[in-house]
Amino acid sequence: MSTVHYRGGAIFTSDDVAWAESLVVRDGRIVFVGDAATASALPADEVVELEGRLVLPGIVDAHTHLVSMGESLGQVDLQDAADLAEIQRRLAAAAQESDAARIVGRSWLFSALEGAKPHRDMIDAVIADRPVYLHANDSHSAWVNSAALAELGIDDATPDPMGGRIERDSAGTATGMLWENASLGLMRDRLDELVSDGEREQSLEAALDAYLAAGVTAAVDMGLGEPELRALEAVQRRRGGTLPLRVAGHWVVNRTATSEGDLAGVARAAELAARHSGPWLRITGIKLFVDGVIDSCTAAMRHPFHDGSHPDALWDLPSLSAVVAAADAAGLQVAMHAIGDAASALALDALEAAVAANGPRADRRHRLEHLETVDRETPLRLARLGVVASMQPVHCDPAIQPNWRAMLGDDRVERGYPWREFVEAGATLAFGTDAPTAPFDPLPNLFVATTRRSAFDPALPANVPANAMAIADAVRRATRDAAYAARWDGELGVLRAGAAADFLVLSGDPFRDGVEAFLTSRVEMTVVAGEAVVAGEAVGVG
């Protein structure tokens, strides 16, 4: 490979020395970052003039779902559908435009139904002749029509799966709402059977291309199962052992009816971690769902929801501790979905039990995902245990908060998504998007992080604005700290000599022009391992 000198821009390094004038790249790695005079004295085969543009380290999405993100790009987008009539209009239009065997929609909001309960009849009214599957914005529940219930084999006598619920009316009739593992397990498993490996690989390729165009150079997939792994392996084989961007995966371990079944998932993850440990695809740990979500009142909370419901966590402490201890002993990173304050406390109890069982170790680097509500002790406990707080700013976008706030209905909403508390406690805070439960584009995500305002509708009032953070801090959470959370620290997420040459060039500069530039800028170049894989003519790279 040639040596390339990038100069004449504003280079934010995410490192201890935050800014540089020049960047020199050779053989896929950074050989110098610093002042232009020193860089100009180094031999270079090519000079790229940045013309004042902003350079950032490649974004590391700390929490995403690659295959389902790619699938979502072809689904009916319902996120901004304001009411039932608009949802029905978009579904009818999709049915008219496509002869697909089934219609899949995404990101509908409970608030769009204005207090009405989702029911299959609402969908049947516009599409009754083929299955319709509508993933809620939180992706933890789904709303389906009568044909979809039939395709899934769900009738009034179908038992609820472990950790899930099939909604039924007072007469015991399935209404078309599937909660938690009725959606994430029962429905997903059946749909996986109906999607070919080739289709799944196409979805993965679409997700990878979309990420590169958005400046994302590495991603942590938090939902790996056998179908998703087959897709990653197939794409990697076709590309001669590489991938377009770097992927770390967490293997989903769902609770079963027996401890043997639970631990089998850990054993499979350990086997895969030994097989996939390369620079492009690495299985780094397991993923556990400790609870559900606030929007559908399935999160595990210390106090009841506004409607009086008070669900348990999806795991009890003995079962959870056994799995966490086994994974910890195998050297796997444990990532636990914990949205409610009771869920995060339970997850930390299990991690403390694992430390007690397995003894001290220098760098476990386990993670809690989402942490939308926490008690006062949780940030301090995370810091003490060295557990990463993995959070997604876009989830607190004010445009999608009305139902979230209504379900809590008390002063808990004023401590939602408390990033400042984690930082002040000394915990590492990593940012991702959780695509496709939220948009994958990292720039609007950073806008929300720096303002607590809506990227969908910036005119809305900020959501607990005291938790907004400085631009430099937000960028570091999405680069350096996100890389640290995936054990990529020193290699990715920073621009320093010896690190991988992964970075992006933006058309605008939020540091110079203000945070609104996160919403108006475009990615003009994405570089992975020194290669400009997405480039614009404006920076002189074809």
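Values in this document were obtained by computation on a predicted structure and should not be read as measured data.

Assigned secondary structure in the protein consists of 19 helices and 22 strands. Computed over C-alpha atoms, the radius of gyration of the protein comes to 23 Å, within 12% of the 24 Å expected from 2.2 N^0.38 for 542 residues, which places it in the range of a compact globule. By its C-alpha atoms, the protein is 80 × 60 × 45 Å across when sized along the principal axes. Classification of the 542 residues of the protein by burial places 59% in the buried group. Contacts in the protein between residues at least 24 apart in sequence constitute 72% of all its contacts with a sequence separation of at least 6. Taking the average location of the 47 positive side-chain charges in the protein and that of its 78 negative ones, the two points are 4 Å from each other.

A separate point is the sheet that holds strand β6 (residues 59-64). A sheet is described by the order of its strands in space; here eight strands give the open sequence β6-β13-β14-β15-β16-β17-β18-β19, paired in parallel fashion. Both outer strands of the open sheet, β6 and β19 (429-431), are each paired with one neighbouring strand and no more. Here the strands of the sheet are splayed against their neighbours by 25 degrees on average, with no regard to which way each runs. Strand direction decides the pairing type here: strand β13 (residues 216-224) and strand β14 (residues 246-252), joined by five bridges, are parallel.

With that settled, consider helix α3 (residues 84-97). The terminal C-alpha atoms of α3 lie 20 Å apart, and with 14 residues this matches the ideal 20 Å at 1.5 Å per residue to within 8%. Among all positions in α3, only E86, I87, Q88, R90, L91, A94 and A95 are buried. Looking at the buried residues of α3, the elements they touch are β7 (76-77), β8 (103-108), α4 (120-124), β9 (132-136) and β10 (141-144).

This part takes up the pattern of salt bridges. Under the defined criterion, the tally for this structure stands at 46 salt bridges. Across the pair R200 and D192 runs a salt bridge, and its minimum N-O distance is 3.9 Å. The exposure class assigned to R200 is buried, which follows from its relative accessible area of 1%. Note that E369 is salt-bridged to R367, the shortest N-O span being 2.8 Å.

Here we come to the packing of aromatic side chains. A complete count under the given rule lists ten aromatic pairs for this structure. Seen in terms of ring centroids, F12 and W19 are 5.2 Å apart; in terms of plane orientation they differ by 65 degrees. Their pairing is edge-to-face. Exposure remark for W19: the relative accessible area of 40% places this residue in the partly exposed category. Both rings, one in W419 and one in F431, keep their centres 5.5 Å apart while their planes meet at 65 degrees; by these two values the pair is edge-to-face. Taken together, the residues span a long stretch of sequence, with W419 in helix α14 (residues 419-425) and F431 in strand β19 at a distance of twelve residues. One aromatic cluster in this structure is built from W108, F110, W143 and W179. In this structure, R246 packs its charged tip against the face of W280, placed 4.6 Å from the ring centre.

Attention now moves to the packing of helix α9 (residues 259-275) against helix α10 (residues 317-329). One can describe the packing of α9 onto α10 by two numbers: an axis separation of 10 Å at closest approach and a directional angle of 25 degrees. One finds that α9 runs roughly parallel with respect to α10. Like other packed secondary-structure pairs, α9 and α10 cross with a definite hand, here right-handed. Along the contact surface, α9 presents D262, L263 and V266, while α10 presents S319, A322, V323, A326 and A327. When its residues are assigned to classes, the contact of α9 with α10 shows six nonpolar, one polar and one charged.

This part is about the confidence of the model for the protein. Across the protein, pLDDT averages 95, with 98% of residues at or above 70. Confidence drops under a pLDDT of 50 for residues 537-542, and excluding neighbours within four residues, the segment shows 15 contacts in the predicted structure.

This part takes up the environment of D411. Structurally, the position occupied by D411 is in the loop between α13 (402-408) and α14. Judged by its relative accessible area of 63%, D411 falls in the exposed class. On a C-alpha basis, the gap between D411 and E71 in space is 37 Å, while along the polypeptide they are 340 residues apart.

Along the polypeptide, N467 turns up in the loop between α15 (442-451) and α16 (471-478). Note: C-alpha distance between N467 and A483 (16 residues apart in sequence) is 22 Å. Filtering out sequence-adjacent residues up to four positions away, N467 remains in contact with G416, Y417, P418, W419, R420, E421 and R452.

For the rest of this paragraph, the subject is the state of the cysteines. In the structure shown here, the tally under the stated rule is zero disulfides. Free of any disulfide, C297 has its nearest cysteine sulfur in C396, 19 Å distant. For C396, a relative accessible area of 0% puts it in the buried group.

Here the focus is the packing of α15 against α16. Closest axis-to-axis distance for the α15/α16 pair is 9 Å, and the angle between their directions is 135 degrees. Considering the angle they form, α15 stands oblique to α16. In the packing of α15 onto α16, the handedness of the crossing is right-handed. Contact with α15, carried on its side by L446, A449 and T450, involves I471, A474, V475 and A478 of α16 and no other residues of that element. Residue classes in the contact of α15 with α16 are distributed as six nonpolar, one polar and no charged.

Judged by nonpolar contacts, the single largest core of 100 residues is most densely connected at I286, L288 and M336. By residue number, the principal contributor to this core is helix α11 (residues 341-358), which donates seven residues. Once residues within four sequence positions are removed from consideration, M336 is found in contact with L288, V290, L320, V324, A347, L351, R367, L368 and E369. Formed by 21 residues, the second largest nonpolar core is a distinct cluster that contains V76, I87, L91 and A94.

Rules used throughout
- Here the residue numbering is sequential within each chain, running from 1 through the sequence in written order.
- Side-chain atom pairs in this predicted model are given and counted only at pLDDT of 80 or more, local residue features only at pLDDT of at least 70, and totals for whole chains, interfaces and linings cover all residues.
- Hydrogen atoms and water are omitted, and side-chain values are computed over all heavy atoms in the structure.
- Counting from the N terminus, the helices are DSSP H or I runs at least four residues long and the strands are E runs at least two residues long.
- Just to be clear, the radius of gyration here is over C-alpha atoms, and the globule rule we use is 2.2 Å times residues to the power 0.38.
- Note on classification: 1.4 Å probe, protein chains only; a residue is buried when its accessible area is under 20% of the maximum for its type, exposed when over 50%, partly exposed between these limits.
- Between two residues, a contact is recorded if the distance between any of their heavy atoms is within 4.5 Å.
- The positive count covers Lys and Arg only, the negative count covers Asp and Glu only, and His and the chain ends enter neither.
- We put the charge of a Lys on NZ, of an Arg on CZ, of an Asp on CG and of a Glu on CD.
- Here, a strand pair is defined by DSSP locating no fewer than two bridges between the strands.
- Where helices are involved, their axes are fitted lines through C-alpha atoms of the stretch in contact, as for all axes, and angles between N-to-C directions lie from 0 to 180°.
- One less than the residue count of a helix, multiplied by 1.5 Å, gives the span that helix is expected to have.
- Throughout this description, the term salt bridge denotes a Lys or Arg side-chain nitrogen within 4 Å of a carboxyl oxygen of Asp or Glu.
- Note on aromatic pairs: the rings of Phe, Tyr and Trp (six-membered ring only in Trp) are paired at centre separations within 6.5 Å, and the planes decide the class, stacked below 30 degrees, edge-to-face beyond 60, tilted for the rest.
- For a lysine, the NZ atom is tested; for an arginine, the CZ atom; a charge sits over a ring if that atom is within 6 Å of the ring centre and within 35 degrees of the ring normal.
- Note on terminology: angles under 35 degrees are roughly parallel, angles over 145 are roughly antiparallel, angles of 65 to 115 are roughly perpendicular, and the others are oblique.
- By definition, any crossing whose near helix is turned counterclockwise from its far helix by less than a right angle is left-handed, and any crossing with a clockwise turn is right-handed.
- Each residue is assigned to one of three groups, with Ala, Val, Leu, Ile, Met, Phe, Trp, Tyr, Cys and Pro labelled nonpolar, Asp, Glu, Lys and Arg labelled charged, and all others, Gly among them, labelled polar.
- The predictor attaches a confidence to each residue, and that confidence, scored 0 to 100, is pLDDT.
- Note on terminology: disulfide denotes any pair of cysteine sulfur atoms within 2.5 Å.
- Joining through side-chain atoms within 4.5 Å is the link that ties buried Ala, Val, Leu, Ile, Met, Phe, Trp, Tyr and Cys residues into a set, and such a set is a nonpolar core.

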